[in-house]
Amino acid sequence: NICVKIDISAYELKKIDEAHSHYASTGNSTRSDTYRKCNLQITVNGAEYRFDEVGIRMRGNTSRRNFADENGEIFNLVHFRFSLNETFDGEEYQSGSWASELYHDWSSDEDGKKARDDRTFATMKKFYVKWNKNYDQTYSREIYANKTFAQCGVLCPHVTLANVQLKQKSGFENLGVFTLYETIDKQFVKRNFDKEHRGGDLYKCSYNNAPANLTTADGRGVETPTQRFVYSLKTNDDRSAADYNHHKYLIALIDALNDDSLSTEEFRQKLETVADMDYFARFEAVNYLLGNPDCFRNNANNYYLYFTPQGVAYFIPYDYDRCLGINMDWN
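Counting starts from 1 at the beginning of each chain's written sequence and moves along it residue by residue. Local features are withheld for residues below a pLDDT of 70 in this predicted model, meaning they are given only at 70 or higher, and side-chain atom pairs are given and counted only at 80 or more; totals for whole chains, interfaces and linings count all residues. Side-chain numbers here rest on the full set of heavy atoms in the structure, without hydrogens or water.

This part covers the packing of helix α3 (residues 141-151) against helix α8 (residues 277-290). Running from amino to carboxyl end, α3 crosses α8 at an angle of 150°, the nearest separation of the two axes being 10 Å. Between α3 and α8, the crossing angle belongs to the class labelled roughly antiparallel. Crossing geometry of α3 relative to α8 is assigned as right-handed. Across the interface between the two elements, Ala-145, Thr-148 and Phe-149 from α3 touch Phe-283, Val-286, Asn-287, Leu-289 and Leu-290 from α8. Interaxial angle, 0 to 180 degrees, is taken between N-to-C directions of lines fitted to C-alpha atoms, where a helix line uses only the stretch in contact. Numbering goes from the N terminus for both helices and strands, where a helix is a DSSP run of H or I of at least four residues and a strand is a run of E of at least two. The scheme is simple: roughly parallel for angles under 35 degrees, roughly antiparallel for over 145, roughly perpendicular for 65 to 115, oblique for anything else. Less than a right angle of anticlockwise turn of the near helix away from the far helix marks a crossing as left-handed, whereas a clockwise turn marks it as right-handed. Residue contacts are counted whenever heavy atoms from the two residues lie within 4.5 Å of one another.

See the structure below:
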């Protein structure tokens, strides 16, 4: 029993739509993921939680589309991502960008900035909601998939259902049942690893101009609001190049996987130094069972890699809305 009410002005809603139009017209896969502002009211089993000045943006890859007219009235459903700890003072807000009007100067309010940065809901600083784009008549396939991963000891995000309502001129419009997702980020790592294994490198691995098939380390980099990579670093992005050593753990994994000079036994031993292979076997076994055509196994897409500070890799699945009989965008 979860309801997410998005209180957003028509102006802010249209700005999200305009950002999509601008970047879609360039023919470049780079998209603006700069947040706009809204207020959120989340009701869970009758208990209400309110958050003001929450970051909101469109979320997705092939699912992005225009959805709001000049008056901010919606005519399509889209996925939304929320950032409770968005401070609106990054580079993208400071000059010349379409979101510069949102810039907030925290120089005289350090305590306020810290409070905003620490703001969470159910221990999450960010989460997102997706409409039923693939027309799963059961509304349960992805929830079942993630529960199966979890029961087999594979790290995966929590997923549940929520009613989503959006502010329009006539009041809050009920958009129907959406799926609510935990975000895989620093908070996720903190919840799932003990202190010794936190603080490592987390990559979002997806099909950005090339498959994330671990045959080459090309296409790696630090993710920004306007730039994506095949392997986008999501943590430790503030390290110097010397300290970070140029993505050394990712490169070590890829080098191990593609070293043809080794015997079978040498190959096995080398792999076990760069990845938890028992964990990986369980990860791939569940992938095989679920039959998702857009996962690591089939399309080299939709997974995260987390490297502990010791350099051991763990695969984390996400986006399983195409599984158990949904082969593309239909049931």
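There is more to say after this.
The term salt bridge refers to a pairing of a side-chain nitrogen on Lys or Arg with a carboxyl oxygen on Asp or Glu at a separation within 4 Å. Applying the stated criterion across every chain yields a total of 22 salt bridges. Lys-14 is the partner of Glu-70 in a salt bridge, and the nearest nitrogen-oxygen pair spans 4.0 Å. Of this pair, Glu-70 sits in the loop between β3 (47-59) and β4 (79-83) while Lys-14 sits in helix α1 (residues 10-25), placing them 56 residues apart in sequence. Judged by its relative accessible area of 65%, Glu-70 is exposed. We call a residue buried when its accessible area falls under 20% of the maximum for its residue type, exposed when it is over 50%, and partly exposed in between, using a 1.4 Å probe and counting protein chains only. Note on Lys-14: relative accessible area 11%, which makes it buried. Here Lys-37 ties to Glu-53 by a salt bridge, and the two come within 3.9 Å at their closest N and O atoms. Of this pair, Lys-37 sits in strand β2 (residues 36-44) while Glu-53 sits in strand β3, placing them 16 residues apart in sequence. Among the ionic contacts, a cluster of salt bridges with common partners joins Arg-59, Lys-130, Asp-319 and Asp-321.

Pairing is mixed across the open sheet formed by five strands, whose spatial order is β9-β10-β8-β11-β12. Edge positions in the sheet fall to β9 (220-222) and β12 (313-317), since each of these pairs with one other strand and no more. Taken pair by pair, the neighbouring strands of this sheet meet at an average axis angle of 25°, ignoring direction. A pair of strands is considered paired only if DSSP assigns at least 2 bridges between the two. Bridge count for β9 against strand β10 (residues 231-233) is three bridges, and the pairing is parallel. Residue pairing for β10: Arg-220 is matched across the bridge by Tyr-231.

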